[in-house]
Amino acid sequence: MHANTTTTTEPRDAQTDDTGTALEVTALEKSIDGSRILDGVGLSVREGETYGVVGPNGAGKTTTFRCLLGLLPVDGGSVSLFGTDPRMDDTVLERVGVVFEYETLQPTWSVRDAMAHACHGYGVPTDRIETCLAEVDLEPAAHDREFRDLSKGMKRKASVATALLHEPDLLVLDEPLSGLDPGTQARMRELIDDLRESGRTVVFSSHDLDHVQALCDCVAVIADGRTVVETPLSESVRVIEEPRPEIEAEQAGEVYVVSDDDPPADARTIDLEELYFSALGVET
Ligand SMILES: Nc1ncnc2c1ncn2[C@@H]1O[C@H](COP(=O)(O)OP(=O)(O)OP(=O)(O)O)[C@@H](O)[C@H]1O
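Residues numbered from 1 in each chain as written. Predicted model: local features only at pLDDT ≥ 70, side-chain atom pairs only at ≥ 80, totals over all residues. Heavy atoms only, no water.

### A few points about the environment of Tyr102
For Tyr102, the location among the structural elements is in the loop between β5 (96–99) and α2 (111–122). Each C-alpha atom of the pair Tyr102 and Asp174 lies 9.0 Å from the other, and the pair is 72 residues apart in sequence. (Helix = DSSP H or I, 4+ residues; strand = E, 2+ residues; numbered from the N terminus.)

See the structure below:
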């Protein structure tokens, strides 16, 4: 899906430039206990991109992440990581680092012990531990404390440090900025920027539209288990009020998102907040 297309199932014009696709999710479906949780999620993430996933509580963001990482079986749709279906070849998951909001490290292990265990699992030298702890700026006093005794911000940093140990090409971060004090949040934002600078691909969910607007090259708005709109964010989002046959555009509620490359003269610029509420059909 893409602001350059009129369909909701077609991938974002994947290769109009030289970058490859890090993650491609199409028409994902998932039911749990008879309830349809995902019903048409699509994400198209280019390599090196920072990509935001936003949507109301319960929209299906975490479930999408679980499905695309193979932690939950899917009922329909496809997932491709760097061109490989992880269900066919799960070694591609070695290129991915993951941090969920709550389930992270073993509660009774010290951060260093948990990270040493992870190093062993990944087959990477334990000297990566100090490098990654420094990268996230975790206070030295926390390194040898049990994970359960850390503050929320320390837990988040320790979890991200662990996810970086094997130098993944793609980071999937579930609400990495939520519940943090302003200083820790700023550090996390810097880290996401640093990851982008180093060429990594970062996909993260958030409820903070300002963070997503500031950090992301592209955003997907998910509601009721489906992707409502996916669009680049790097410059601005341009919309027209009515569809026109000669202009490729993606509907986002009341408005139609057009390509930023060659927008019609009467296209209007909107911010992510307006796009979000329009996509959700909420009057502001
Ligand atoms: N194991 C489960 N059993 C039953 N329902 C589930 C399960 N996991 C998720 N759900 C339901 O699926 C829906 C989507 O949940 P999910 O956590 O993916 O949403 P989310 O977009 O990440 O929400 P939030 O922004 O609040 O974190 C919710 O209605 C949730 O209750």
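### Re a negative patch on the surface
A contiguous patch of negative charge on the surface is contributed by Asp208, Asp210, Asp271 and Glu273. In this structure, Asp208 sits in the loop between β7 (201–205) and α6 (209–215). Looking at Asp208, the relative accessible area reads 30%, which means it is partly exposed. (Patch = residues over 30% accessible without salt bridge, like charges linked within 9 Å, V, L, I, M, F, W, Y side chains within 5 Å. Areas by Shrake-Rupley, 256 points an atom, 1.4 Å probe, with all protein chains shown as cover. Salt bridge = Lys/Arg side-chain N within 4 Å of Asp/Glu carboxyl O. Lys, Arg positive; Asp, Glu negative; His and termini not counted. Charge placed at Lys NZ, Arg CZ, Asp CG, Glu CD. Buried < 20%, exposed > 50% of the residue type's maximum accessible area, 1.4 Å probe, protein only.)

### Quick word on the sheet that holds strand β13 (residues 268–270)
A sheet is described by the order of its strands in space; here four strands give the open sequence β11-β12-β10-β13, paired in antiparallel fashion. The open sheet has two edge strands with one neighbour each: β11 (249–252) and β13. Across the sheet, the mean angle from the axis of one strand to that of its neighbour is 45 degrees, orientation sign disregarded. Pairing between strand β10 (residues 237–240) and strand β12 (residues 255–258): three bridges, direction antiparallel. When the sheet's bridge partners are listed, Ile240 is paired in β12 with Tyr256. Together, β10, β11, β12 and β13 form the strand contacts of helix α7 (residues 272–279), whose direction differs from that of β13 by roughly 95 degrees. (Pairing = 2+ DSSP bridges. Axes fitted to C-alpha atoms, helices over the stretch in contact; angles between N-to-C directions. Contact = heavy atoms within 4.5 Å.)

### Focus on the pairing of strand β9 (residues 226–232)
For β9, a buried count of five out of seven residues is recorded, marking the element as mostly surrounded by other parts of the structure. Here strand β8 (residues 218–223) runs beside β9; their pairing, made up of six bridges, is antiparallel. For Val221, the partnering residue across the bridge sits in β9 and is Val229. Adjacent in sequence and paired antiparallel, β8 and β9 are bridged by two residues, among which Asp224 carries a positive phi angle near 45 degrees.

### Considerations on the domain arrangement of the protein chain
Taken domain by domain, the protein chain comprises domain 1 (13–235) and domain 2 (236–284). Measuring from the centre of the C-alpha atoms in domain 1 to the corresponding centre in domain 2 gives 28 Å. Facing 17 residues of domain 1, the contacting portion of domain 2 comprises 14 residues. At the boundary of domain 1 and domain 2, one finds two residue pairs in polar contact (both at pLDDT 80 or more). Of all the secondary structure elements, the ones that give two or more residues to the side of domain 1 that touches domain 2 are α6, β8 and β9. If one sorts the elements of the side of domain 1 that touches domain 2 by residue count, β9 sits on top with five residues. Counted by class, the side of domain 1 that touches domain 2 contains 11 nonpolar, four polar and two charged residues. (Domains from an automatic or database assignment. Polar contact = N/O pair within 3.5 Å; in protein donor to acceptor, adjacent residues only side chain to side chain. Nonpolar A, V, L, I, M, F, W, Y, C, P; charged D, E, K, R; others polar.)

### Brief notes about the pattern of salt bridges
A side chain with one charge can pair with a side chain of the opposite charge if their charged atoms come near. Summed over all chains, the structure comprises 15 salt bridges. Measuring nitrogen to oxygen at the nearest pair gives 3.9 Å for the salt bridge that ties Arg187 to Asp194. A cluster of three or more residues bridged by salt bridges with shared partners is formed by Asp137, Arg187, Glu190 and Asp194.

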